[in-house]
Amino acid sequence: MTVAAPPSTRKARKRPFWTMERRDSLAGYLFIAPQMIGITIFVLIPLALVFWYSLHEWNVLAQTFRFQGLANYQTLLSDPGLPQVLGATTIFSIGLVIFNMSLALLLAVLLDQKLKGITLYRTLFFSPVVVSLVAWTIVWGFLLQNNGGINALLASVGIEGPNWLRHPTTAMISVIVVQVFKNVGLNMVLFLAALQGVPRELYEAARVDGTPAFRQFTRITLPMISPTVLLTSIITIVGSLQVFAQIAVLTQGGPGMSTTVLVYYLYQQAFQFHKFGYGATLSIVLFLIVAILTFVQWQMRRKLVFYED
Amino acid sequence: MKTDLSPRIKVIVYGLMTVLLIPFVFPTWWMVTSSVKPISDIFAFPPDIFPRRFDFSTYGRVFELQPFAQQYWNSAYIAALVTAGTMMFSSMAGYAFARIRFPFANTLFMIVLIGLLIPAEVTIVPLFQMFLGWGMINTHWPLVLIPIFGAPSVFATFVMRQFFIALPKELEEAARVDGLGRFKIFWTIALPLARPALGAVAIFTFLHSWNLYLEPIVFLSSPENFTLPQALTQFTDAYGGALWNVQLAAATMTALPVLIVFIIAQRQFVEGLAHSGLKG
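Residues numbered from 1 in each chain as written. Chains lettered and ligands numbered in written order. Predicted model: local features only at pLDDT ≥ 70, side-chain atom pairs only at ≥ 80, totals over all residues.

1. Section: the overall build of chain B
Here's step 1: Per the secondary structure count, chain B includes 14 helices and zero strands.
Here's step 2: Start at the N end of chain B and walk to the C end: the helices and strands fall as α-α-α-α-α-α-α-α-α-α-α-α-α-α.
Here's step 3: When its C-alpha atoms are laid out on the principal axes, chain B stretches across 75 × 65 × 30 Å.
Here's step 4: Relative to its full complement of 280 residues, chain B shows a buried share of 47%. (Helix = DSSP H or I, 4+ residues; strand = E, 2+ residues; numbered from the N terminus. Buried ≥ 20, exposed ≤ 12 C-beta atoms within 10 Å, placed from the backbone.)

2. Describing the UniProt feature "transmembrane region" (unreviewed entry) in chain A
Residues and elements named next belong to chain A.
Here's step 1: Mapped onto the present numbering, the UniProt feature "transmembrane region" (unreviewed entry) falls on residues 26–53, 85–111, 123–143, 171–195, 229–249 and 276–296.
Here's step 2: End C-alpha to end C-alpha, residues 123–143 measures 23 Å, and it is 71% helix and 0% strand.
Here's step 3: Annotated as residues 171–195, this span is 100% helix and 0% strand, and its ends, taken at the C-alpha atoms, are 34 Å apart. (UniProt positions renumbered as here; feature names shortened; annotations may be inferred.)

3. Brief notes about the packing of helix α7 (residues 168–196) of chain A against helix α9 (residues 213–241) of chain A
All names here are of chain A.
Here's step 1: Where α7 contacts α9, the axes come no closer than 9 Å and their chain directions differ by 155°. As the angle between them shows, α7 and α9 are arranged roughly antiparallel. Regarding α7 and α9, the two cross each other, and that crossing is right-handed. Only T221, I225, T228, T232 and T236 of α9 make contact with α7, whose side of the interface consists of N187, L190, F191, A194 and L195.
Here's step 2: The residue makeup of the contact of α7 with α9, split by class, is five nonpolar, five polar and no charged. (Axes fitted to C-alpha atoms, helices over the stretch in contact; angles between N-to-C directions. Parallel < 35°, antiparallel > 145°, perpendicular 65-115°, else oblique. Left-handed = near helix turned anticlockwise from the far one by under 90°. Contact = placed C-beta atoms within 7 Å. Nonpolar A, V, L, I, M, F, W, Y, C, P; charged D, E, K, R; others polar.)

4. Re the UniProt feature "transmembrane region" (unreviewed entry) in chain B
All names here are of chain B.
Here's step 1: What UniProt calls "transmembrane region" (unreviewed entry) maps, in this numbering, to residues 12–32, 76–97, 109–132, 144–164, 185–207 and 242–265.
Here's step 2: Between the end C-alpha atoms of residues 76–97 the distance is 31 Å, and the span holds 100% helix and 0% strand.
Here's step 3: A distance of 26 Å separates the end C-alpha atoms of residues 144–164, which is 95% helix and 0% strand.

5. Points about the interface of chain B and chain A
Here's step 1: Taken together, the 87 residues of chain B in the interface contact 84 residues of chain A.
Here's step 2: A total of 13 residues in the side of chain B that touches chain A trace back to one element, the largest contributor, which is helix α1 (residues 7–35) of chain B.
Here's step 3: Along the lines of polarity and charge, the residues of the side of chain B that touches chain A split into 65 nonpolar, 15 polar and seven charged.

6. Some details on the domain arrangement of chain A
Here's step 1: On domain assignment, one finds that chain A holds domain 1 (20–53) and domain 2 (84–304).
Here's step 2: Each of domain 1 of chain A and domain 2 of chain A has a C-alpha centre, and the two are 33 Å apart. (Domains from an automatic or database assignment.)

7. What about the domain arrangement of chain B?
All names here are of chain B.
Here's step 1: Under the domain assignment, chain B is made up of domain 1 (7–55) and domain 2 (63–274).
Here's step 2: A C-alpha centroid distance of 32 Å is found between domain 1 and domain 2.
Here's step 3: Counting residues at the interface gives seven residues for domain 1 and seven residues for domain 2.

8. A closer look at the pairing of strand β1 (residues 56–59) of chain A
Here's step 1: Covered by surrounding structure in β1 of chain A are H56 and W58 of chain A only, the residues E57 and N59 of chain A on the alternate face being uncovered.
Here's step 2: Where β1 of chain A folds back on strand β2 (residues 64–67) of chain A, the antiparallel hairpin that results is connected by four residues, among which Q63 of chain A adopts a positive phi of roughly 55°. (Pairing = 2+ DSSP bridges.)

9. Focus on the confidence of the model for chain B
Residues and elements named next belong to chain B.
Here's step 1: Of all residues in chain B, 96% attain a pLDDT of 70 or more, and the chain-wide mean is 85.
Here's step 2: Within chain B, helix α14 (residues 266–274) has the poorest average pLDDT of any element, 72, and helix α6 (residues 141–149) the best, 93.
Here's step 3: Here the predicted complex carries an ipTM of 0.87, next to a pTM of 0.86. (pLDDT = per-residue confidence, 0-100.)

10. Focus: the packing of helix α3 (residues 68–99) of chain B against α6 of chain B
Residues and elements named next belong to chain B.
Here's step 1: Interaxial distance between α3 and α6 falls to 9 Å at its minimum, and their mutual angle equals 30°. Our classification of the angle between α3 and α6 gives roughly parallel. In this structure, α3 crosses over α6, and the sense of that crossing is right-handed. Contact with α3, carried on its side by I78, L81, V82, G85, T86 and F89, involves L143, V144, P147 and I148 of α6 and no other residues of that element.
Here's step 2: Broken down by class, the residue content of the contact of α3 with α6 amounts to eight nonpolar, two polar and no charged.

11. As for the UniProt feature "domain: ABC transmembrane type-1" (unreviewed entry) in chain B
Here's step 1: The feature "domain: ABC transmembrane type-1" (unreviewed entry), as given by UniProt, occupies residues 72–265 of chain B in the numbering adopted here.
Here's step 2: For residues 72–265 of chain B, the helix share is 75%, the strand share is 0%, and the end-to-end C-alpha distance is 22 Å.

12. A short note on unusual backbone geometry
The phi angle of most residues is negative, glycine excepted, and most peptide bonds adopt the trans form.
Here's step 1: With a phi angle near 60°, H274 of chain A is a residue other than glycine that sits in the positive phi range.
Here's step 2: Its location among the elements puts H274 of chain A in the loop between α11 (262–272) and α12 (276–304).
Here's step 3: You can call H274 of chain A partly exposed: it has 14 C-beta atoms within 10 Å.
Here's step 4: Positive phi outside glycine occurs at F104 of chain B, with the angle close to 70°.

13. As for the pairing of β2 of chain A
The side chains of a regular strand alternate, residue by residue, between the two faces of the sheet.
Here's step 1: Relative to β2 of chain A, β1 of chain A runs antiparallel, the two sharing four bridges. Looking across to β2 of chain A, one finds that E57 of chain A is bridged to R66 of chain A.

14. Digging into α1 of chain B
Residues and elements named next belong to chain B.
Here's step 1: Its 29 residues place the ends of α1 41 Å apart at the C-alpha level, agreeing with the 42 Å of an ideal helix rising 1.5 Å per residue.
Here's step 2: Remark: the principal bend of α1, roughly 45°, maps to I22, with a proline, P23, within the next four residues.
Here's step 3: Along α1, the residues that are buried comprise M17, F24, P27, T28, W30, M31, S34 and S35. (Expected span 1.5 Å × (residues − 1). Bend = angle between axes of the 7 residues up to and from the residue.)

15. Quick word on the nonpolar core
All names here are of chain A.
Here's step 1: Counting 162 residues, the largest nonpolar core has A135, V139, F244 and L262 as the members making the most contacts within it.
Here's step 2: Element by element, the count of residues in this core is highest for α7, at 15 residues.
Here's step 3: Once residues lying within four places of it in the same chain are set aside, the contact partners of L262 are V85, T89, L241, L282, V285 and L286. (Core = buried A, V, L, I, M, F, W, Y, C linked by C-beta atoms within 7 Å.)

16. Some remarks on the environment of R61 of chain B
Residues and elements named next belong to chain B.
Here's step 1: With respect to the secondary-structure elements, R61 resides in helix α2 (residues 57–65).
Here's step 2: According to the C-beta neighbour criterion, R61 is partly exposed, with 16 such atoms within 10 Å.
Here's step 3: Here the alpha-carbon distance between R61 and V246, two residues 185 residues apart in the chain, equals 6.8 Å.

17. A short note on the confidence of the model for chain A
Here's step 1: In this model, chain A carries a mean pLDDT of 84, and residues with pLDDT of at least 70 account for 92%.
Here's step 2: In the predicted structure, residues 5–9 of chain A sits below a pLDDT of 50 and forms three contacts with residues beyond four places in sequence or in another chain.

Laid out in structure tokens, this is it:
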């Protein structure tokens, strides 16, 4: 993925008419204008406003809006809920990324085999991606009830299942698992495309050398697909920080605050407790986490990724 | 690693895949079958994998309890608008950033990319305030405008740019020599070639809009304006307990049409996404 680099294939064409270039510039600006204007209004200005609001005490119900400097940030640091929220967010994101990436890789390797009916399997593994998110979450909520389908299945083999959504640990596991099965198909398909792009000659050479299959996987496959792994891990981590519907539908952040991730907490503070100023402060925290993670992973790309297009 | 596998390994691979398939397929099966069971059977023990008795009356209840047809229309037309708008604006911007030389193009592209770091979750408080000021609370405007210009569209622009960069530019050169304008070239030459990338953009934009949940519950307050995800959670009894069978019937109606379209077009779907320039 090349982001900042300008299209280098462009050869400087010798055309003396400066009007042509000018017309081109104008065309360029007109082409990007709708999106630039939209991004300015709906992304950049709101981002600036989030910073501005975070410096205010703003209670919508009490109709107060008053500048108070960094007071919200002091509240943030002394907020007894914050460590729990950040803890839950960290556990959720790390659990999700590890489970998602390893399952996606396993499925991609399985689907990369030459077998009859493999397309059907691919379709079925991918199918939850297109099932409405809230519909998917509702069914899992139904399945995870104390007397629901999962515990009934467990009971039929003599295991007494826990009340999944009512204990902190199992509730966290549940929201992670529900989310992974919903979206792992996307990463699976991207990994599969990457696997199919690995030149076969590499494996043939390794086979001639008598390299065992597992070593072929760690020494050839993984390095060759590392750009995809890195890109999907960025998308997955940033996506995991935005998880909201699943939490709202399955656990409402509970039991206690065990599944209250940052976005859910932000929503509660701003739109349930009407503390807009503090909500904006939490937004800044979310923004910084996303920005730092993206930056770190972008830097890692240079060191870890084996090759680039 | 496409080698011919020994029969024993084949059996293991099939077995493993089939077991792994259960959590991907069973929930959808359980949703559909439970929605047509009488309420007394949905928590039956041992569970009925196949319904023993049928009761379709819950489907009628869905439409009695909420203006579900209206909500269905809301979700559908919002997703259609968002998809069309995103395809239009992101392909135009992606084309310009890939193909047209103009001052500050790279700086402007970096500014666009910043949008990737700012999902609507970060800016939801000021967005609420802005739409409140414009008198657009409890309307569908926020649900259309925010995705068309927010992080999902930035992602789409990025995908389109990657696609147009890879496109051989000779295709356009001839047209330029013939004196065709930029917009004509874009519309009649570049865009038709970009169909695979546009398809991928359309799919993930549609799904993004179809699944939106935070924005609807922040911006919408009256049931006739609700979108499907929000409506699904509203089928509750007087105490807030879930009416499971009604919820599952509504969920089935929400999920099944998209699922069927996907199964019919699964090849274009999956391969379109896989080869959309996402793979780096």
